[in-house]
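For reference, the chains in residue letters:
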Amino acid sequence: MSLARSLIDVRPLRTSPVFRRLLIGRTVSVLGGFMTMVTVMYQVWDMTRSTAWTGAVGLAQALPLVVFGLFAGAWVDRADRRRVFLAATVGQAVCSLLLAVQGFTGHVPVPAVLLLVAVQSAFGALGAPAAGVFVPRLLPKEQVAAGLALQQVTGQSMMLLGPALAGLLLGWFGIGVCYLLDALSFGLAFYGARGLPALPPQGEPSRAGMHGVLDGLRFLAGHRVVRGALVTDLAATVLSFPVSLFPLVNTERFGGDPRTLGLFLSALAVGGVAATALSGPLTRLARPGPVMLCASATWGAALVLFGLAGSAWLGLALLALAGAADATAVVARSTIVQTRTPDALLGRVTAAEQIVGQAGPSLGNVRGGLLAGWTSGTTALISGGLLCVLAVAAVATTTPELRARATGVPDGP
């Protein structure tokens, strides 16, 4: 196999100028989002010196996605997705501008800062389902996985760059400048999406209100492949997400060195970037189901081995492997969702995918922390990885359709 075919498939960048502009805008906006995440955390800690308040930042970001996600998806499936995304982007930019204003002026209470974060997250909950239809509508089906891989590798890269850049800018210019740069980043996202054609639902539009939400849930319950993909992701994250265990495992096994702890998350991200950059053969394979199942099982197995590792360097290598497996599974899962879901339902199903992606790691952190309190960090880590492998095996056994080669058209329940 040639080196070019081993690297990430860049055909979508060559064949679709609209996708190229959209990806550039999205990448810059993701960078601004990670900068704001760090800046909010820094500001709230600086104002309160309270871990309870910094924990509330996560709730302010997550709750709107979970509470409004499915309703936003139903609305998206009734409207022109391009216009919805542009409106949501403007809303997010306004929230960042208001955060910048309070950052420059000061003397704004912490609840007001968290309210702005929550409102911005609510606009994000509306924009994400709309954006979920862009790739399958802009690219030929054989390039959808490659387009999603390009989004994943740029997102992972910004996850590495954003926090570090935010730290530098906070030290040089303060919180107001960081928020302002985030607001400007939404301008590029707006520009990237403005060139899209109108994207109304193809097929029967969603019914209004709860009826539309229930229609989406019925599709998820009845479609074995899409349901299996989301259940696999939820099981992997709820049963084995390791981040909350890192400080304790670092103390138990690696002497509590803060430099080692800081490298744990970086190792996950580096593995994700590397795997996506070399994803060409997997995205061309057109078998996202088996790829997702194997990657999810590898995630669990790598975490088991990390729990057993006696060397910090070996542990970091295993975390990089876990990060690579996670990134591969995410690309495969999104490919399944976006190629096996009818367009008229894609907003709602994408919203459900976003909720799974948000809620799973949060619940996994809670599970790991509680179990580690009763036993040890190592026990919680190893048992979670084993449960993940068993859960993936159960899904693979009970959902043979997920192991099959992708079909040419979206299929029904």
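None of these values were measured; they are calculated from a predicted model.

A.B. asks: Before we move on, could you go through the environment of valine 273 and cite the residues and values that matter?
C.D. replies: Along the chain, valine 273 falls in helix α13 (residues 258-277). On a C-alpha basis, the gap between valine 273 and phenylalanine 254 in space is 25 Å, while along the polypeptide they are 19 residues apart. Apart from residues no more than four positions distant in its own chain, valine 273 is found in contact with Val153, Gln156, Ser157 and Leu160.

A.B. asks: Please set out the nonpolar core residue by residue, giving values where relevant.
C.D. replies: One finds Phe134, Leu138, Leu196 and Val349 to be the most contacted residues of the largest nonpolar core, which totals 38 residues. Considering each element in turn, this core owes the most residues, five residues, to helix α8 (residues 141-172). Non-local contacts of valine 349, meaning those with residues more than four positions away in its chain, are made with Phe219, Leu220, Val226, Val337 and Thr341. Core analysis: the next-biggest nonpolar cluster, separate from the first, contains 36 residues, Ala302, Ile336, Ala372 and Ala380 among them.

A.B. asks: So what's going on with the pattern of salt bridges? Residues and values would help.
C.D. replies: Overall, the coordinates contain 11 salt bridges when judged by the stated rule. Among the salt bridges present, the one from arginine 224 reaches glutamate 401, with a minimum N-O distance of 2.9 Å. With arginine 224 in helix α11 (residues 224-240) and glutamate 401 in the segment after α18 (377-398), this residue pair connects regions lying 177 residues apart in the sequence. The closest approach of N and O atoms between glutamate 353 and arginine 333, which form a salt bridge, is 2.8 Å.

A.B. asks: Outline a nonpolar patch on the surface, listing residues and values.
C.D. replies: Nonpolar side chains collect at one region of the surface, where Leu59, Leu63, Val66, Val67 and Phe68 lie side by side and expose about 450 Å² of accessible area between them. Tracing the backbone shows leucine 59 in helix α4 (residues 51-76).

A.B. asks: Go over empty space enclosed by the protein, please, and point to the residues and values.
C.D. replies: Per the stated rule, a full pass over the model turns up four cavities of 30 Å³ or more. The wall of the largest cavity is formed by Asp233, Ala236, Thr237, Met292, Ser296, Trp299, Ala325, Asp326, Ala329 and Arg333. Elements with a minimum of two residues in the lining of the largest cavity: α11, α15 (288-308) and α16 (312-340). Broken down by class, the residue content of the lining of the largest cavity amounts to five nonpolar, two polar and three charged.

A.B. asks: So, the environment of methionine 35: which residues are in play, and what are the values?
C.D. replies: With respect to the helices, strands and loops of the structure, methionine 35 is situated in helix α3 (residues 17-48). With 22 residues separating them in the primary sequence, methionine 35 and valine 57 have C-alpha atoms 14 Å apart. Ignoring any residue separated from it by four or fewer positions in sequence, one finds methionine 35 in contact with Gly162, Leu165, Ala166, Leu169, Cys178 and Leu181.

What counts and what doesn't
- Residues numbered from 1 in each chain as written.
- Predicted model: local features only at pLDDT ≥ 70, side-chain atom pairs only at ≥ 80, totals over all residues.
- Heavy atoms only, no water.
- Helix = DSSP H or I, 4+ residues; strand = E, 2+ residues; numbered from the N terminus.
- Contact = heavy atoms within 4.5 Å.
- Core = buried A, V, L, I, M, F, W, Y, C linked by side-chain atoms within 4.5 Å.
- Buried < 20%, exposed > 50% of the residue type's maximum accessible area, 1.4 Å probe, protein only.
- Salt bridge = Lys/Arg side-chain N within 4 Å of Asp/Glu carboxyl O.
- Patch = residues over 30% accessible without salt bridge, like charges linked within 9 Å, V, L, I, M, F, W, Y side chains within 5 Å.
- Areas by Shrake-Rupley, 256 points an atom, 1.4 Å probe, with all protein chains shown as cover.
- 1 Å grid on protein atoms, 1.4 Å probe; cavity = no way out; pocket = protein on both sides within 12 Å on 5 of 7 lines; lining within 4 Å.
- Points joined across faces, edges and corners; volume = space filled by probe spheres on them.
- Nonpolar A, V, L, I, M, F, W, Y, C, P; charged D, E, K, R; others polar.

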